[in-house]
Amino acid sequence: MMTLKTFNSDVVILKPQRFLHSGNFVNPLKSPAHSFPSTCKKKQSISASTAPGATGGRRYHTAARTDLRPCCSSHMDAPVSDGIKDDRIHRITSAIRVIPDFPKPGILFQDITTLLLDPVAFKDTIDLFVERYKDKGITVVAGVEARGFIFGPPIALAIGAKFVPMRKPNKLPGAVISEEYSLEYGTDKIEMHVGAVEPGDRALVIDDLIATGGTLCAAISLLERVGAHVVECACVIELPELKGRDRLGGKPLFVLVSS
Amino acid sequence: MSAGENDGSADRINGIKSTLRVVPDFPKPGILFLDITTLLLDPKAFKDTIDLFVERYKQKDISVVAGIEARGFMFGPAIALAIGAKFVPLRKPKKLPGEVISEKYVLEYGTDCLEMHVGAVEPGERALVIDDLVATGGTLCAAMNLLERAGAVVVECACVIEVPDLKGRERLRLHGKPLYVLIESRFEPTS
């Protein structure tokens, strides 16, 4: 078990997460003893097994470690007050739980529903995004179904932007445009309403987690096809080993927690 | 109870109503689908929607807002954040990781199922159920059953829209719970 260590204001290493209920045995995870870089963008030299095991979907990784590292990663402006932001990130990170063997054995699922059960941590999550985007002229917040629907609307409301849901096929009534994207096996599709977004709109794409980046990439395409400018993608959690950050067509990514 | 009755909200309600659109023949011919996504495109109307719910519930000691997948997710979290409550997603089967409880309910043809995490809601909690629209009330009843099985007290169900002809309000009344909506949608025959 790792002890709590603070390397700098942006990186805190935490013990494996608490669980809401008993019954799921989790192997205590070994973490490497060396220090972590101060930003999440640098590649880490850890001996994690980066099995190409992102099976079928967005959030799975079979790496041997599940450290959740707070990471307001970006080349952009530094936090206004490192101390306050550090506390908020710490609380958010602690509120996320890892469910082993979901949806199948060997997969570690990052579950944000426990974050939603902590009103302070949930509010802090929204506040961190709002602080970043409120002065950036964002006119559209696009949220990816379904967990993007939980974070996107409060952000949109706070910054005075439209909220546009990006949905699985056949859910949106009326005229839609679709974008297909690859999964490990096969393809999937997301849709957006025709007319929801206009040329020149400045857009933010929100989801709870980025894994391979396939879904976010499809969302960016939909927005660009209607003439919007995608300013940034934002997620609560990143799985950096799945390299989604590199698959966003050059668009920047902002996350709060890196796993 | 509907909004607009002596609570100074008539202008906001009218604004909200004007943003809704009806999409004919969705999901199948003959159905008139009430689409709230156009409401979400109007920041003032969307904010007014949330404000109306928050004004109603902020003094009612609600500790849990349960939102029904997926459109309940668009309204529930903002309400929960404003009143300092937890947000609990109620989901279609197999979406929630970890241990869940399930409640089956009847559709026109066949059945469906709603799930909630074990441990998300504790006995004695006061809960609000949110969805975008109430039709027959089947989904809301399943939601209430889940919360009550976990020992919570459902204070009220709240939706943006009610389709009164489908008698969801009556169904909730039989369950013993009130329904609050902002807008009623009645379909008039064309002359």
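To be clear, the structure that these remarks concern was listed above.
What you see is a predicted model, and the numbers here were worked out from it, not measured in a lab.

**Section: the layout of surface pockets**
Residues and elements named next belong to chain B. In this structure, the largest pocket encloses a volume near 1,400 Å³. Mapped onto the lining of the largest pocket, the elements with two or more residues apiece are β2 (32-35), β5 (100-106), β7 (126-134) and α5 (138-149). Of the residues forming the lining of the largest pocket, the biggest block, 4 residues, is contributed by β7.

**Let's talk about the side chain of D118 of chain A**
Looking at the secondary structure, you find D118 of chain A in the loop between α2 (113-116) and α3 (119-133). One polar contact links D118 of chain A to R91 of chain A, side chain to side chain, over a distance of 3.0 Å.

**Looking at unusual backbone geometry**
Each neighbour pair has its own omega, and for F102 of chain A with P103 of chain A the value is -5°, a cis peptide bond. With respect to the helices and strands, the residue P103 of chain A is situated in the loop between β4 (97-100) and β5 (108-111). Of note, the bond from E69 of chain B into A70 of chain B is cis; its omega dihedral lies within 30 degrees of zero at -5°. Within the element layout of this structure, A70 of chain B appears in the loop between β3 (64-68) and α4 (72-83). A positive phi is found at D101 of chain A, a non-glycine position, where the angle reads about 60°. With respect to the helices and strands, the residue D101 of chain A is situated in the loop between β4 and β5. Relative accessible area serves as the criterion here: at 47%, D101 of chain A is assigned to the partly exposed category. If you check the backbone angles, K167 of chain B has positive phi at about 65° while not being a glycine. Looking at the element boundaries, K167 of chain B is found in the loop between β8 (153-162) and α6 (168-175). On the basis of relative accessibility, which here comes to 57%, the residue K167 of chain B falls in the exposed class.

**Considerations on the sheet that holds strand β4 (residues 86-90) of chain B**
All names here are of chain B. Strand order across the open sheet formed by 5 strands is β4-β3-β7-β8-β9, with parallel pairing between neighbours. Two strands bound the open sheet, and with one partner strand each, they are β4 and β9 (179-184). Sheet twist, expressed as the mean angle between neighbouring strand axes with direction ignored, is 20°. Alignment of β3 against β7, held across 4 bridges, turns out to be parallel. Of the residues in β7, the one forming a bridge with A66 is V129. On the sheet, α5 packs against β3, β4, β7, β8 and β9 and is oriented at approximately 165° with respect to β7.

Criteria and thresholds
Residues numbered from 1 in each chain as written. Chains lettered and ligands numbered in written order. Predicted model: local features only at pLDDT ≥ 70, side-chain atom pairs only at ≥ 80, totals over all residues. Heavy atoms only, no water. 1 Å grid on protein atoms, 1.4 Å probe; cavity = no way out; pocket = protein on both sides within 12 Å on 5 of 7 lines; lining within 4 Å. Points joined across faces, edges and corners; volume = space filled by probe spheres on them. Helix = DSSP H or I, 4+ residues; strand = E, 2+ residues; numbered from the N terminus. Polar contact = N/O pair within 3.5 Å; in protein donor to acceptor, adjacent residues only side chain to side chain. Buried < 20%, exposed > 50% of the residue type's maximum accessible area, 1.4 Å probe, protein only. Pairing = 2+ DSSP bridges. Axes fitted to C-alpha atoms, helices over the stretch in contact; angles between N-to-C directions. Contact = heavy atoms within 4.5 Å.

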